Amino acid sequence: ENEEELNNNADNISEDSVTPWCNYKSILIGVVLSMISGALFTANNFVINQFDVVVSDAVLVRCVIQIIIFTFIIFFSGDKILPENNKKRLFTVAQGVVGSISFITSLASVSFMPVPDALCIIFACPVVTMVLSAAMLGDRLNSVKCFSGTMLLLGVVLVCQPPFLFPNHQSSEGSTSFLLTSHDDLYYVGAALAGTACLTGGLMDVLIAKCQGVSTPVLVNWAAVSGLIITVSFFKVLPGCRLFSSDIVKISLGDWLILIGLAVSGLIAFTSMTVALKLISPNLVSSLRTLELVLAYGVQALMTGESPDICSCFGGGLILSGVLVLTFQDKISELFLVVHVSPYNGFYQTIPAQYGYQRIGD
């Protein structure tokens, strides 16, 4: 009996020692996958920006590959293309349409403006999500959310520098000031596309929240189907679209490799982020994604040999800070809790600070 007890104790000790290591391993893998996801997303944006990739062609290739892969996953897992509930069907299709618009416009935006600026606008998506969540889901808007939203909006203004707020900010010699950057009309086309991606991205988050019980492959598949339908419907008015024209035979091997590489790397980035969300906290994933913005500014400076202007840097910093504040809003709210002292010995009560500080017995 003593030997059995010793063996049981040894097994318990070994299990206790393995469990923390498994937790640390999961956290490490989740962090690495999040960083890989951000690096791939950033790389895709710079490839589109620098190699003048035709966005419609990139979207078509990505959607076709995505539909094939996720349709196979859905049927292999015994899932259904659409949920049985009519309301969930509506929300599933709606999030697919809105998500595809967000995806298309986000890719198109980096064709007209620098990647860091486009990411700054797109990263302001939580503002839209907060407002729509309050309106559609009944979420409360506390002071921390409002503060982070203000930081995000102010950061976008400083990055875009709209002409009605920053008129004619060039120096007398015609060179751009180190404080501000002069933008052409195409820049604001990109800003409009990035703003559309921001708005639709926020709406997509809320619609996905309405799709409780619907599997991720089904949601992602409908985003690809919607993107394919939108691109096919408007390919005649899309500039440079070659896949639905006789110019398809003129696409070089290098261009095909770029299009396929963008699609595969985009899917790897999405899958890595999805797996990371299952291994670590969504808040940690969100905060790690903000490193994508820092990485984009660094890569842009290395490629152009020019440092970004102070206003853009400050605006990017505000957006980065706003996302981090929103990510850790619960922890920040706890910092504003106060301790109320009771006249009775040893009795304390902690309540939110907005109720004021007073003795319990008063």
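Residues numbered from 1 in each chain as written. Predicted model: local features only at pLDDT ≥ 70, side-chain atom pairs only at ≥ 80, totals over all residues. Heavy atoms only, no water.

For the rest of this paragraph, the subject is the overall build of the protein. Of the regular secondary structure elements, the protein holds 13 helices and two strands. Relative to its 362 residues, the protein shows a buried fraction of 38%. When contacts within the protein are restricted to residue pairs at least 6 apart in sequence, long-range pairs at least 24 apart make up 77% of them. Carbon and sulfur atoms provide 65% of the accessible area of the protein, an area that totals close to 20400 Å². (Helix = DSSP H or I, 4+ residues; strand = E, 2+ residues; numbered from the N terminus. Buried < 20%, exposed > 50% of the residue type's maximum accessible area, 1.4 Å probe, protein only. Contact = heavy atoms within 4.5 Å. Areas by Shrake-Rupley, 256 points an atom, 1.4 Å probe, with all protein chains shown as cover.)

Now for the packing of helix H2 (residues 55-76) against helix H8 (residues 216-233). In the contact formed by H2 and H8, the axes pass within 8 Å of each other and the chain directions differ by 145°. Of the two elements, H2 crosses H8, and the hand of that crossing is left-handed. Where H2 abuts H8, its residues Ser56, Val59, Leu60, Cys63, Val64, Gln66, Ile67, Phe70, Thr71, Ile73 and Ile74 lie against Pro217, Val218, Val220, Asn221, Ala224, Val225, Gly227, Leu228, Thr231 and Val232. Of the residues contributing to the contact of H2 with H8, the split by class is 15 nonpolar, six polar and no charged. (Axes fitted to C-alpha atoms, helices over the stretch in contact; angles between N-to-C directions. Left-handed = near helix turned anticlockwise from the far one by under 90°. Nonpolar A, V, L, I, M, F, W, Y, C, P; charged D, E, K, R; others polar.)

Applying the stated rule across the entire model yields three aromatic pairs. When the centroid spacing of 6.5 Å and the interplanar angle of 75° are considered together, the rings of Phe70 and Phe270 count as edge-to-face. Highlighted residues: Phe70 in helix H2 and Phe270 in helix H9 (residues 253-279), separated in sequence by 200 residues. Looking at Phe70, the relative accessible area reads 8%, which means it is buried. Arranged with centres 5.8 Å apart and planes meeting at 20°, the rings of Phe72 and Phe76 form a pair that is stacked. With a gap of four residues between them, Phe72 and Phe76 both fall in helix H2, about one helical turn apart. We note that Phe72, like Phe76, is exposed. (Phe/Tyr/Trp six-rings, centres within 6.5 Å; stacked < 30°, edge-to-face > 60°.)

Attention now goes to the state of the cysteines. Applying the stated criterion across every chain yields a total of zero disulfides. With no disulfide partner, Cys313 has as its closest neighbouring cysteine sulfur the one in Cys120, 9.3 Å distant. We classify Cys313 as partly exposed; its relative accessible area is 38%. (Disulfide = S-S within 2.5 Å.)

What follows deals with the pattern of salt bridges. Side chains that differ in sign of charge can pair as their charged atoms come close. Counted by the stated rule, this structure contains three salt bridges. Salt-bridge contacts for Asp57 lead to Arg242; the nearest nitrogen and oxygen are separated by 3.3 Å. Highlighted residues: Asp57 in helix H2 and Arg242 in the loop between H8 and H9, separated in sequence by 185 residues. For Asp57, a relative accessible area of 0% translates into the label buried. (Salt bridge = Lys/Arg side-chain N within 4 Å of Asp/Glu carboxyl O.)

The phi dihedral of Asp52 is positive, around 50°, even though this residue is not glycine. Following the sequence through the fold, Asp52 ends up in the loop between helix H1 (2-50) and H2. A relative accessible area of 64% places Asp52 in the exposed class.

Once that is clear, we can look at helix H5 (residues 125-137). Relative to the 18 Å expected for 13 residues at 1.5 Å per residue, H5 spans 17 Å between its end C-alpha atoms, a close match to the ideal helical length. All buried positions along H5 are accounted for by Cys125, Pro126, Val127, Val128, Thr129, Met130 and Ser133. Looking at the buried positions of H5, the neighbouring elements they touch are helix H4 (115-122), helix H6 (143-160), helix H7 (185-209) and helix H12 (310-327). (Expected span 1.5 Å × (residues − 1).)

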